[in-house]
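# Per-entry structural report
This is what each chain is made of:
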Amino acid sequence: MFPLDTLARLVRAHLADVRRHTRSDAGYTTETIVVTALLAILGLTVVGIIVAKVTAKANGIDLGG
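Attention in this report is confined to the structure presented alongside it. (Residues numbered from 1 in each chain as written. Predicted model: local features only at pLDDT ≥ 70, side-chain atom pairs only at ≥ 80, totals over all residues. Heavy atoms only, no water.)

### What to know about the overall build of the protein chain
The line we're drawing: What counts as a helix is a DSSP run of H or I of at least four residues, what counts as a strand is a run of E of at least two, and both are numbered from the N terminus. Relative accessibility under 20% of the residue-type maximum defines a buried residue, over 50% an exposed one, and the middle range a partly exposed one, all with a 1.4 Å probe and only protein chains included. Computed with the Shrake-Rupley method and a 1.4 Å probe, the accessible areas treat only the protein chains shown as cover for residues.
Of regular secondary structure, the protein chain possesses two helices and zero strands. Counting over 65 residues, the protein chain shows a buried share of 0%. Surface exposure of the protein chain reaches about 6,100 Å², of which carbon and sulfur atoms provide 70%.

### Observations regarding a nonpolar patch on the surface
What counts, and what does not: Patch criteria: residues need more than 30% relative accessible area and no salt bridge. Like-charged residues are merged within 9 Å; nonpolar side chains of Val, Leu, Ile, Met, Phe, Trp and Tyr are merged within 5 Å. In the sections that follow, a salt bridge refers to a side-chain nitrogen of Lys or Arg positioned within 4 Å of a carboxyl oxygen of Asp or Glu.
There is a patch of nonpolar side chains on the surface, built from Val35, Leu39, Leu42, Val46, Ile50 and Val54 and spanning about 550 Å² of accessible area. Along the chain, the position of Val46 falls in helix H2 (residues 26-59).

As structure tokens, this is what we get:
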């Protein structure tokens, strides 16, 4: 089993490493949100175009009535 001072040093080193990585990736989350939002808007636009084209084709079907 680790002595208490060794365990404390390992925990401090791990926390320092986590803090360092957290600061270096600060802009990554914002970039991911923007890209995801743009992809969602693009997807909704494509679905809207497809729905409009399918609806226009369906309305153009002659049912003989």
